[in-house]
Amino acid sequence: MKSLLLAALVLVSAHASAQDQIASLVTFESTAARPNSDTGHTNITSILNTEMEYTLPENISFHGGFSFVLGEKFESSVTIGSRFYSATPAFQIFPGIPMWSFIGGGVSFLEDTVYYPEAGFRIATSNTSRLDVFIKILNSSNDIYDKHVMIGAGLTF
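Keep in mind the model is a prediction, meaning the values are calculated, not measured.

**Concerning the overall build of the protein chain**
(1) Moving on: Secondary structure summary: the protein chain contains one helix and nine strands in total.
(2) Moving on: Counted from the first residue to the last, the protein chain has its helices and strands arranged as α-β-β-β-β-β-β-β-β-β.
(3) Moving on: Split into buried and exposed, the 157 residues of the protein chain put 36% on the buried side.
(4) Moving on: Summed over all atoms, the accessible surface of the protein chain reaches about 9100 Å², with 67% contributed by carbon and sulfur.

**As for the environment of glutamate 75**
(1) Moving on: By the element assignment, glutamate 75 lies in strand S4 (residues 75-85).
(2) Moving on: Separated by 31 residues in the primary sequence, glutamate 75 and isoleucine 44 place their C-alpha atoms 9.7 Å from one another.
(3) Moving on: Setting aside chain neighbours within four positions, we find glutamate 75 in contact with Ser67, Phe68, Val69, Leu110, Glu111 and Tyr145.
(4) Moving on: Within the structure, glutamate 75 has its side chain in polar contact with the backbone nitrogen of glutamate 111 (distance 2.5 Å).
(5) Moving on: Among the polar contacts made by the side chain of glutamate 75, one reaches the side chain of tyrosine 145 at a distance of 2.6 Å.

**Observations regarding the nonpolar core**
(1) Moving on: Counting ten residues, the largest nonpolar core consists of Ile44, Ile47, Val69, Leu110, Val114, Tyr116, Leu138, Ile144, Tyr145 and Met150.
(2) Moving on: Secondary structure elements with two or more residues in this core: strand S2 (44-55) and strand S7 (113-124).

Thresholds applied
Residues numbered from 1 in each chain as written. Predicted model: local features only at pLDDT ≥ 70, side-chain atom pairs only at ≥ 80, totals over all residues. Heavy atoms only, no water. Helix = DSSP H or I, 4+ residues; strand = E, 2+ residues; numbered from the N terminus. Buried < 20%, exposed > 50% of the residue type's maximum accessible area, 1.4 Å probe, protein only. Areas by Shrake-Rupley, 256 points an atom, 1.4 Å probe, with all protein chains shown as cover. Contact = heavy atoms within 4.5 Å. Polar contact = N/O pair within 3.5 Å; in protein donor to acceptor, adjacent residues only side chain to side chain. Core = buried A, V, L, I, M, F, W, Y, C linked by side-chain atoms within 4.5 Å.

What follows is the structure in structure tokens.
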């Protein structure tokens, strides 16, 4: 019981000191390129992700949640991943709107496991929300998911 109480106290204390580092992340990805489906395999057309993201002070984030695959058939899965953001904004679109670059990767546990590298930009739309624009390349031993290039956008709030 003491260890459970201590863990709860540490969690509350960490949350208080890690202000603005836990956020909701909602992304939508659409297929930009996919393999030829003449082989009789089904393909995916888009993916909707709903996740939570925790960002460390070292500009590394960890995210996890659920993915919903839309295409010739509907499928849902659990997704986990990580991103490394640039320490300073890459550039500013307009004054007061910085843009950071990031690279990352993750795993989706669909019918078969799917691994993906990703790269993109995070744009500060306000003090509490960010817009992500990214590209992913899906890799899997299953032809349904393998060699798909996904272009996506997301909102962190």
